[in-house]
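Each chain, letter by letter, is given below.
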Amino acid sequence: MEESWKQVLQAEFEKPYFDDLRTFLYNEKKQGKTIYPPGSQIFNAFNSTAFADVRIVILGQDPYHVAGQAHGLCFSVQQGIKPPPSLVNIFKELKNSIPNFQIPTHGCLQNWTTQGVFLLNAILTVEANQPASHQKKGWEIFTNAVIQTISKEKTGVIFLLWGNFAQQKAALIDTEKHIILKAPHPSPFSAHSGFFGCNHFFQVNEILKARGEEPIQWQV
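This text gives an overview of the structure that appears in the document. (Residues numbered from 1 in each chain as written. Predicted model: local features only at pLDDT ≥ 70, side-chain atom pairs only at ≥ 80, totals over all residues. Heavy atoms only, no water.)

## Points about the overall build of the chain
And then number 1: Tallying secondary structure elements over the chain gives eight helices and six strands in all.
And then number 2: The helix and strand sequence of the chain, counted from the amino end, reads α-α-β-α-β-α-α-β-β-α-β-α-β-α.
And then number 3: C-alpha extents for the chain along the principal axes are approximately 50 × 35 × 30 Å.
And then number 4: For the chain, the proportion of its 220 residues judged to be buried stands at 53%.
And then number 5: Put simply, 66% of the contacts in the chain that link residues at least 6 apart link residues at least 24 apart.
And then number 6: Of the roughly 10,300 Å² of accessible surface on the chain, 49% is carried by carbon and sulfur atoms.
And then number 7: Here the chain carries 19 positive and 18 negative side-chain charges, and the mean point of each set is 5 Å from the other. (Helix = DSSP H or I, 4+ residues; strand = E, 2+ residues; numbered from the N terminus. Buried < 20%, exposed > 50% of the residue type's maximum accessible area, 1.4 Å probe, protein only. Contact = heavy atoms within 4.5 Å. Areas by Shrake-Rupley, 256 points an atom, 1.4 Å probe, with all protein chains shown as cover. Lys, Arg positive; Asp, Glu negative; His and termini not counted. Charge placed at Lys NZ, Arg CZ, Asp CG, Glu CD.)

## Concerning the sheet that holds strand β3 (residues 117–121)
And then number 1: Reading across the sheet, the four strands line up as β3-β2-β5-β6 and stay open at both edges, with parallel pairing between neighbours. A single partner strand is all that each edge strand has here, and the edge strands are β3 and β6 (179–183). Averaged over neighbouring strand pairs, the angle between their axes works out to 20° when direction is ignored.
And then number 2: In the sheet, strand β5 (residues 158–162) pairs with β6 via five bridges, with the strands oriented parallel. (Pairing = 2+ DSSP bridges. Axes fitted to C-alpha atoms, helices over the stretch in contact; angles between N-to-C directions.)

## Here we look at the side chain of Thr49
And then number 1: Summarising the element assignment, Thr49 is placed in the loop between α3 (44–48) and β2 (56–60).
And then number 2: Here the side chain of Thr49 touches Val117 through a polar contact of 3.4 Å, landing on its backbone oxygen. (Polar contact = N/O pair within 3.5 Å; in protein donor to acceptor, adjacent residues only side chain to side chain.)

## Here we look at helix α2 (residues 16–30)
And then number 1: For α2, which comprises 15 residues, the first-to-last C-alpha distance of 21 Å matches the rise-based estimate of 21 Å (1.5 Å per residue) to within 8%.
And then number 2: Every buried residue of α2 is accounted for by Tyr17, Phe18, Leu21, Phe24, Leu25 and Glu28. Viewed end-on, α2 has its buried residues packed into an arc of 115°, placing them on one side of the element. More than 90 degrees from the buried face of α2, the exposed residues found are Pro16, Asp20, Tyr26 and Lys30.
And then number 3: Each element contacted by the buried residues of α2 is listed here: α1 (3–13), β1 (35–36), β4 (126–127) and α6 (139–153).
And then number 4: Looking one or two residues past α2, Gly32 carries a phi angle of roughly 85°, positive in sign. (Expected span 1.5 Å × (residues − 1). Arc of directions from axis to C-beta.)

## Section: unusual backbone geometry
And then number 1: For the bond from Tyr36 to Pro37, the omega torsion is -10°, close enough to zero to count as cis.
And then number 2: Examined against the element boundaries, Pro37 turns out to sit in the loop between β1 and α3.
And then number 3: Not every positive phi belongs to a glycine, and Asn129 is a case in point at roughly 65°.
And then number 4: For Asn129, the position within the fold is in the loop between β4 and α6.
And then number 5: At Lys136, a residue that is not glycine, the phi angle is positive and equals roughly 60°.
And then number 6: Mapped onto the elements of the fold, Lys136 is located in the loop between β4 and α6.
And then number 7: On the basis of relative accessible area, Lys136 is assigned to the exposed category, the value being 75%.

## Overview of the environment of Tyr26
And then number 1: By the secondary structure assignment, Tyr26 is in helix α2.
And then number 2: For Tyr26, a relative accessible area of 53% puts it in the exposed group.
And then number 3: Separated by 22 residues in sequence, Tyr26 and Ser4 place their C-alpha atoms 26 Å apart.

The structure is reproduced here in structure tokens:
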């Protein structure tokens, strides 16, 4: 994990729940189970966006559970992998709200992370073909601490909370210091209930420009 995150999260790594989480993952692999993303990519969100650089937080639930998709950034898939439905809908909303945005031929969002967009899943691992299989193993405690640390130590971060699961995390965020934008999840089951037309990507850039900051180049 990138050094600045290690420093601000050091206390979490030393707590009993994190030892239990390590033991759980070790035992799962020892039993021959396939875990996504690969070990080297579990903390990809942290390695891609240093703590000091975080300007936007997009929160997902847990990694994609199909081979080749998950690489440690919420909603993102690796180059060469067909974008899943929720990501397709994210691109549709971008097309409708950001001038000149072109629907990309891939689904890798790594370009966003270098601009301060922190792509965090609440659960950082999953067993192959078993969605939500690593719920309540300790990851939620860790990522709640991540959100609280961002809220406490930083100012002016814009949180994009899509869907009921993500919106429950609003309680961890100091709304006097930060901005929260809420919408339904981009899943095909809910995108037409208000994700389409939420205009979050446009709003983010308007907020950043009003502060004199560089807007996000959403094109990937």
